[in-house]
Amino acid sequence: MAYIQFLGAAGTVTGSKHLINTGSESSGGGFQALIDCGMFQGPKEWRERNWQDTPISARQIDAVVLTHAHLDHCGWIPRLVKGGFRGPIYATPATIDLCGILLPDSGHLQEEDAAFYNKFKKSKHDPALPLYTLAEAQASLQYFRAVQFEETRQLCPEMSFRFVRAAHILGSSMVELTLIVNGQAHRLLFTGDIGRVRDRSTAPGKVVRSGPTEGETADVLVMESTYGNRQHPTVDPRPELASLIRRTVERGGSVIVPAFAVERTQKFLFMLKELMQSQQLPPIPVFCDSPMAIKAVEIFMKHTEEYSEDTRRLISQHGSPLEWPGFTFASTAEQSKTINGVKTPSIIVSSSGMVTGGRILHHLAQRLPDPKNTVIFIGFQAPGTRGFTIKSGASEVKIFGDVVPIRAQVTALEQFSDHADTPELLQWLRTFPTKPPATYLVHGEPAASSQLRNTIAKELGWNVQVAQWMQKVEVI
Ligand SMILES: [Zn+2]
């Protein structure tokens, strides 16, 4: 029996990791592939699962097929390789380029965190260890193999796959798996994260083209449900963004924007540029404090094939964001520290997007106590992260083990999401020519997944279940 086992992103939005076992004898007891190999983030209860081995040993896993370069989908790869995995990791060329910067950075951050906790003995674990190191992350990159969109790749005699566009971030894909059992083909579709359906006014500033591939078919659909109980606002965010920044500048404060280094930072910078060009914003200094975001801009500049029309126009007009006047990209730690000394109004965009680590911690520790400043969240904040705490209106937050009072204005703009919301997911599902016999919802908080299950069952009459962590489901 072929089966899927949900090893992550079931009951939560992180740790995406789905094992498919073909269950046949032809390849020595079944070919075993992981669709995504993400890291758990957020609440401790989930993060601790990063330290558990997979239920079958890493050596027995034959391949990884990766949907996109977000850490909650790829961040556990170095750990899998450390555990003995030696198979190919298939991904699109842009995903491979992005993993080339994201994974070593993740290893570096974990080493830094462990060293910090050991120095100040703030960890209950003695000594604190990194999940993997920068060198281990770098070593895992040798297993990546590029697969173009819509190119069929054979995994084993009975299973092949294709990447189709997910329109979530640069390089992002859905995985169409074809499994042949007793001469019959079965289609398994793993969506990874699904991007917005294109609408320039409600989801402006998209760097890569929007719209997931339509008209898909599946015998088994494994779909994300991050926004299964929510709808993105449908008003254009730009006037509100401009007004928030202007008001902060008027009171002499600075704007701090925690943003994922990949995609979200670039999208936000493009938007600031447009607002300044049209004089809706004063030309105040913009600091992009994330070495990874700089490298990501370079990767974006290389993958012109994925640009949206807006991106194409902006780049042809203004060139690379790295050369825009007034936009400073801090690469070194020294340059980052210099930003702390800037007392005049400025905009600081830094990562990590959920304030789980990175240079944003220093900026928030310094600027959260001052009511003149404004923190603008432009990304999803998973429960249990510092970002979630700050966004929820807490009066203080713990950073580097110290309690930091929150007196700055805290606000969020939800339109920046790169995830389809419920109406958009339904819109996409309606393009399926036939109902999939089985749909499993993953990558959602329990309330979001169960509400989406009910909505799909009611609106489309599909057979939908919410996947449970470690649950095995037969697919044929
Ligand atoms: Zn993602």
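The structure we're discussing is the one just above.
The model shown is predicted, which means the values in this text are computed figures rather than measured ones. Residue indices follow the written sequence of each chain, beginning from 1 at its first position. Confidence filtering applies because this is a predicted model: local features only for residues at pLDDT of at least 70, side-chain atom pairs given and counted only at 80 or more, and all residues used for totals across whole chains, interfaces and linings. To get the side-chain values, take all heavy atoms of the structure and skip hydrogens and water.

> Any chance you could break down the coordination of the zinc ion for me, citing the residues and the numbers?
Metal-coordinating donors are taken as N, O and S atoms lying within 2.8 Å of the metal, or within 3.2 Å when the metal is Na, K or Ca; because water is left out, some sites can appear incomplete. At this site the zinc ion is bound by His-68 (NE2), His-70 (ND1), His-168 (NE2) and Asp-193 (OD), with donor distances of 2.2 Å. Every angle between 85 and 135 degrees makes a four-donor site tetrahedral, while opposite donors more than 155 degrees apart, with all other angles between 65 and 115, make a four-donor site square planar and a six-donor site octahedral; other sites are irregular. Around the zinc ion sit four donor atoms, and with donor-metal-donor angles ranging over 92 to 163° the site reads as irregular. Of note, the zinc ion draws all its donor residues from one chain, in the sequence arrangement H-x1-H-x97-H-x24-D. Placement of His-68 in the loop between strand S4 (63-65) and helix H2 (71-74) and of His-168 in the loop between strand S8 (159-165) and strand S9 (173-181) is noted, with a sequence separation of 100 residues between them. The helix count covers DSSP runs of H or I at least four residues long, the strand count covers runs of E at least two residues long, and both are numbered beginning at the N terminus.

> If you had to explain the packing of helix H7 (residues 264-277) against helix H9 (residues 309-318) to someone new, which residues and values would you point to?
Axes here mean lines fitted to C-alpha atoms, for a helix over just the part in contact, with angles spanning 0 to 180 degrees between N-to-C directions. As a packed pair, H7 and H9 sit with axes 12 Å apart at the nearest point and diverge in direction by 60°. Judged by the angle between their axes, H7 and H9 are oblique. Note that H7 runs across H9; the crossing there is left-handed. Across the interface between the two elements, Phe-270, Lys-273, Glu-274 and Gln-277 of H7 pack against Thr-311, Arg-313, Leu-314, Ile-315 and His-318 of H9. A class-by-class count of the residues in the contact of H7 with H9 yields three nonpolar, three polar and three charged. Put simply, angles under 35 degrees are roughly parallel, angles over 145 are roughly antiparallel, angles from 65 to 115 are roughly perpendicular, and the rest are oblique. Helix crossings fall into two classes, left-handed where the near helix is turned counterclockwise from the far one by less than a right angle and right-handed where it is turned clockwise. Residue contacts are counted whenever heavy atoms from the two residues lie within 4.5 Å of one another. Residue type decides the class: Asp, Glu, Lys and Arg count as charged, Ala, Val, Leu, Ile, Met, Phe, Trp, Tyr, Cys and Pro as nonpolar, and the leftover types, Gly among them, as polar.

> Describe the sheet that holds strand S3 (residues 32-35), and please don't skip the residues or the numbers.
Paired strands, in this sense, are two strands between which DSSP finds at least two bridges. With mixed pairing, seven strands are arranged side by side in an open sheet as S6-S5-S4-S3-S2-S1-S22. The strands lining the two open edges of the sheet, one partner per strand, are strand S6 (144-146) and strand S22 (472-474). Taking each pair of neighbouring strands and ignoring which way they run, the sheet shows an average axis angle of 25°. When S4 meets strand S5 (residues 89-91), the two strands line up parallel, connected through two bridges. Within S5, the residue paired with Val-65 across the bridge is Tyr-90.

> Outline the state of the cysteines, listing residues and values.
Here, two cysteine sulfur atoms that lie within 2.5 Å of each other are counted as a disulfide. This model, assessed by the stated rule, comprises zero disulfides. Here Cys-37 is not cross-linked by a disulfide; its sulfur's nearest cysteine counterpart is in Cys-74, at 8.7 Å. Three labels apply to residues, based on accessible area from a 1.4 Å probe with only protein chains included: buried if under 20% of the type maximum, exposed if over 50%, partly exposed otherwise in between. Look at Cys-37 and you get buried, because its relative accessible area is 0%. Note on Cys-99: no disulfide assigned, nearest cysteine sulfur contributed by Cys-74 at a separation of 3.9 Å.

> Can you break down the pattern of salt bridges residue by residue, with the values?
Salt-bridge detection follows one rule: a side-chain nitrogen of Lys or Arg within 4 Å of a carboxyl oxygen of Asp or Glu. Under the defined criterion, the tally for this structure stands at 17 salt bridges. Its salt-bridge partner being Glu-45, residue Arg-49 comes within 3.7 Å of it at the nearest N-O pair. Note that Glu-176 and Arg-187 form a salt bridge whose closest N and O atoms lie 4.0 Å from each other. Separated by 11 residues along the polypeptide, Glu-176 in strand S9 and Arg-187 in strand S10 (residues 184-190) bring together distant segments of the chain. Classification of Arg-187 as partly exposed rests on a relative accessible area of 24%. Sharing partners across several salt bridges, the network here consists of Asp-236, Arg-238, Glu-274 and Arg-313.

> Talk me through helix H14 (residues 446-460); I want residue IDs and the actual numbers.
How far a helix is expected to stretch is found by multiplying one less than its residue total by 1.5 Å. An ideal rise of 1.5 Å per residue puts 21 Å on 15 residues; H14 measures up with 21 Å between its terminal C-alpha atoms. Within H14 the residues assigned to the buried category are Ala-448, Ser-449, Leu-452, Thr-455, Ile-456 and Leu-460. Projected onto a plane normal to the axis of H14, the buried residues spread over an arc of 130° and lie on a single side. Where the residues of H14 are buried, they touch strand S11 (220-224), helix H13 (422-429), strand S20 (438-442) and strand S21 (464-466). Following H14 by one or two positions, Gly-461 has its phi on the positive side, about 70°. It is the directions from the helix axis to the C-beta atoms whose arc is reported.

> Outline the pairing of strand S1 (residues 3-8), supporting the account with residue identities and numerical values.
Counting buried residues along S1, six of its six residues qualify, which places the element largely inside the surrounding structure. Taken together, the five bridges between S1 and strand S2 (residues 17-21) define a ladder with antiparallel strand orientation. Bridge assignment links Gln-5 to a residue of S2, and that residue is Leu-19.

> Run through the sheet that holds strand S15 (residues 347-350), naming residues and quoting values.
Note: strands within a sheet are paired through backbone hydrogen bonds, in either parallel or antiparallel orientation. The strand order S14-S13-S15-S12-S16-S19 describes an open sheet built from six strands, whose pairing is parallel. The sheet is open, and its two edges are formed by strand S14 (327-329) and strand S19 (409-412), each paired on a single side. Between one strand axis and the next, the sheet turns by 20° as a mean value, whatever way the strands run. Sheet analysis places strand S13 (residues 286-289) next to S14, joined by three bridges and oriented parallel. Residue pairing for S14: Phe-287 is matched across the bridge by Thr-328.

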